[in-house]
Amino acid sequence: MLQGKLNIAFVALTVAIGGFLLGFDATVISGVVPFIKEYFSLSGASGDLKLGFAVSSLGWGAMAGNALAGPLSDRFGRRRVLLGTALLFVLSSLLAATATSFPSFVVARIVGGLAVGGAILIAPVYIAEIAPADKRGGLVSLNQLMIVIGISASFFSNYFLLDLGEHNWRYMLGVQMVPAVLYFTLLWFVPESPRWLLLKRRDEAALAVLRRVAGEQQAQENLQQIQRSLNTKAVSRGFRGLLDSRVRLIMIVALGLAFFQQITGINAIFYYLPTIFAEAGGGVNDAFRQAVLVGVVNVLMTFVAIWLIDKLGRKPLLLMGIAGMALSLFAISWAFGQESYNARLVLIAIIGFVASFAISLGPVMWVLLSEIFPNEQRAAAISVAGFWNALVSATVTMIFPWALSTLSSSLTFLAFALFATAALLFVVLLVPETKGRTLEQLESDLMTAKA
Ligand code: BGC
């Protein structure tokens, strides 16, 4: 490990490669589906079921990864868990690209899911625990930026590898080994989280990291602040501590944000974009163009969020963005309610929705989850909230096609719009501002709040 002054942007970017990998891994399957269908002879009703299982296996693995990541990172350290996810990413890519039987393909995807579930939670936790308070929001949001870049990259990569013949799907899945090996290599240059080291009473090692982040004087101050916060409370560690009444209100905020991030439909819209556009009719059914457009807007607006999050704060971004999400969803619902659909309006409103999500619930939820909990409970809490987030996402994406055909598109989007309105109220009433304060200052503010 290097011993000089630490470049915190390098550290955060390195850790956020995990975000790239998980975004890539989650969406790469969309290009692979037609080819594995043929290769594994997945036809008829049982073939459909098997295909659904192959596609969703990453999600199931991710939920297990969510549940395990918190406790494992408390026990073995954030860095070791991240290194573990890097290895799992390499392994899953290798196994999926070389799979010759359906079960081995599913196993490969579940292994990838474990990595996804771990990386999505522990990357933000790690970055929040090492970042200086005044840059924390932007640095944690880098992970979300890398997620959305990973999503778009997999799309491009699939497109370019399409013509490589019958093994094209193996290349699509295999290219991921390159960033995964890079991730594994670069992580060795990243130190352990100073706050985790202090939780383990490894004060000297923690001080050494703090020195490299902030210089001698600031390091001593930070060390004392963290030590004081660890000494003054008697909240139990891990999952048990989450039942403490002082943590209850923070838990409600976390679970609420995790719920609203998914119940407002982001992944339903992402996964079924071509279906939605086909429903709207009109000439806008060029799937490639639409996906590129939506992806670019998502990436650009995440840059805007990174730029604003430590200046304006978390709450103004949430309020503006969720208001934009609600308006866009009402517009989509209205458009679908008309006699003849206005495809252009649907496209504009979907872009408005994705843009609004990308400056608000997309990055800000992960930032808040990584900062509102006390040091002792952060990892366990994010495991619970992350698992819940994944469960709501899976449920919404499962019900969505049924809702479109049974309730109608208009009513389905009206439901999303009403949930977005409720989210707005939730943020106004319950979500605290965390900008610029150290994790320990936040802890003492938020823990005194009565549930
Ligand atoms: C969400 C994911 C979503 C992604 C899209 C993330 O913050 O947790 O469910 O797919 O943003 O940009």
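Residue positions are counted from 1 within each chain, in the order its sequence is given. Only residues with pLDDT of 70 or above have their local features reported here, since the model is predicted, and side-chain atom pairs are shown and tallied only from 80 upward, although totals for entire chains, interfaces and linings are computed over all residues. Where side-chain values are given, they derive from all heavy atoms of the structure, hydrogens and water being excluded.

Visitor: Please explain the side chain of Arg378 as it appears in this structure.
Guide: Helix and strand definitions here come from DSSP, where helices need a minimum of 4 consecutive H or I residues and strands a minimum of 2 consecutive E residues; each element is numbered from the N-terminal end. Within the secondary structure, Arg378 sits in helix H19 (residues 378-406). By relative accessible area, which is 0% here, Arg378 ends up buried. Within the structure, Arg378 has its side chain in polar contact with the side chain of Asn375 (distance 2.9 Å). Ignoring any residue separated from it by four or fewer positions in sequence, one finds Arg378 in contact with Val125, Glu129, Arg195, Ser370, Phe373 and Leu439. For every residue, the accessible area obtained with a 1.4 Å probe (protein chains only) is divided by the maximum for its type, and the residue is called buried under 20%, exposed over 50%, and partly exposed between those limits. Definition of a polar contact: a pair of N or O atoms within 3.5 Å, with one able to donate and the other able to accept a hydrogen when the atoms are protein atoms, and with sequence-neighbouring residues admitted only if both atoms are side-chain atoms. Contacts were defined at the residue level, with two residues in contact if any of their heavy atoms lie within 4.5 Å.

Visitor: I'm lost on the packing of H19 against helix H20 (residues 409-430) in this one. Help?
Guide: When two helices pack together, you describe them by how their axes are tilted relative to each other and by the distance separating the axes. Note on geometry: axes are lines fitted to C-alpha atoms, helical ones only across the stretch in contact, with angles between N-to-C directions running from 0 to 180 degrees. The geometry of H19 relative to H20 is characterised by a closest axis approach of 8 Å and an angle of 145° between their N-to-C directions. Residues Val396, Phe400, Ala403 and Leu404 of H19 form the contact with H20, whose participating residues are Ser409, Thr412, Phe413 and Phe416. The classification used treats Ala, Val, Leu, Ile, Met, Phe, Trp, Tyr, Cys and Pro as nonpolar, Asp, Glu, Lys and Arg as charged, and all other residues, Gly among them, as polar. Classifying every residue of the contact of H19 with H20 by side-chain character gives 6 nonpolar, 2 polar and no charged.

Visitor: Help me understand the site of the ligand in this model?
Guide: The local shell around the ligand consists of Gln144, Val148, Gln261, Gln262, Asn267, Phe270, Asn298, Phe357, Gly362 and Trp366. Between an oxygen atom of the ligand and a side-chain N or O atom of Gln261, the distance comes to 2.9 Å. Gly362 has a polar backbone atom sitting 3.3 Å from an oxygen atom of the ligand. Accessible surface is estimated by sampling points in the Shrake-Rupley manner with a 1.4 Å probe; for residues, cover comes only from the protein chains shown. Protein contacts shield 91% of the accessible area of the ligand, which totals 310 Å² for the unbound molecule. Of all the secondary structure elements, the ones that give two or more residues to the shell around the ligand are helix H5 (136-161), helix H12 (245-263), helix H13 (266-271) and helix H18 (361-371). Consider each residue's heavy atoms; a residue with any of them within 4 Å of a molecule or strand counts as near.

Visitor: For this particular structure, what's the right way to read the packing of helix H16 (residues 314-337) against H20?
Guide: It is at 8 Å that the axes of H16 and H20 come closest, and there the two elements cross at 160°. The angle between H16 and H20 falls in the class roughly antiparallel. The element H16 and its partner H20 pack so that their crossing is left-handed. Grouping the constituent residues of the contact of H16 with H20 by class yields 19 nonpolar, 5 polar and 1 charged. Roughly parallel here means an angle under 35 degrees, roughly antiparallel means over 145, roughly perpendicular means 65 to 115, and every remaining angle is called oblique. Note on convention: the crossing is left-handed when the near helix lies turned anticlockwise from the far helix by less than a right angle, right-handed when the turn is clockwise.

Visitor: Where do I start with unusual backbone geometry in this structure?
Guide: Negative phi characterises most residues that are not glycine, and trans characterises most peptide bonds. Positive phi is not limited to glycine here, since Ser41 has a value of about 50°. Take Ser41: it is sitting in the loop between helix H1 (8-39) and helix H2 (44-76). The backbone of Arg201 sits at a positive phi, close to 60°, despite the residue not being glycine. Position of Arg201 among the secondary structure elements: in the loop between helix H8 (194-199) and helix H9 (203-214). Taking the relative accessible area as the measure of exposure, Arg201 reaches 44% and is therefore partly exposed.

Visitor: I keep staring at the pattern of salt bridges and nothing clicks. Help me out?
Guide: Working definition: two side chains of opposite charge can pair if their charged atoms are close together. Salt bridges are defined by distance alone: a side-chain nitrogen of Lys or Arg within 4 Å of a carboxyl oxygen of Asp or Glu. Within the structure shown, the criterion is met by 10 salt bridges. Arg78 is paired through a salt bridge with Glu129; the nearest N and O atoms lie 2.9 Å apart. With Arg78 in helix H3 (residues 78-98) and Glu129 in helix H4 (residues 102-130), this pair connects stretches of sequence that are 51 residues apart. Each member of the pair, Arg78 together with Glu129, is buried. The salt bridge partner of Arg437 is Asp445, with a shortest N-O separation of 2.9 Å. Of the residues examined, Arg437 reaches a relative accessible area of 31% and is grouped as partly exposed. Salt bridges here are not isolated pairs; linked through shared partners, they connect Asp74, Arg78, Glu129 and Arg378.

Visitor: What is the right way to look at the nonpolar core in this model?
Guide: One broad rule of soluble globular proteins: the nonpolar side chains tend to lie buried together. What makes a nonpolar core is a set of buried Ala, Val, Leu, Ile, Met, Phe, Trp, Tyr and Cys residues whose side-chain atoms join them at distances within 4.5 Å. Phe105, Leu257, Leu318, Leu329, Ile350 and Phe413 are the most contacted members of the largest nonpolar core, which has 148 residues in total. Leu329 has contacts with Thr264, Ile269, Phe353, Phe413, Phe416, Ala417 and Ala420, leaving out every residue within four places of it along the chain.

Visitor: I tried to follow the environment of Pro71 on my own but got confused; where do I start?
Guide: One can find Pro71 in helix H2. According to the relative accessible area criterion, Pro71 is partly exposed, its value standing at 32%. Counting along the chain gives 352 residues from Pro71 to Ala423, while the straight-line C-alpha distance between them is 29 Å. Those residues in contact with Pro71 that lie beyond four places of it in its chain are Phe239 and Ser383.

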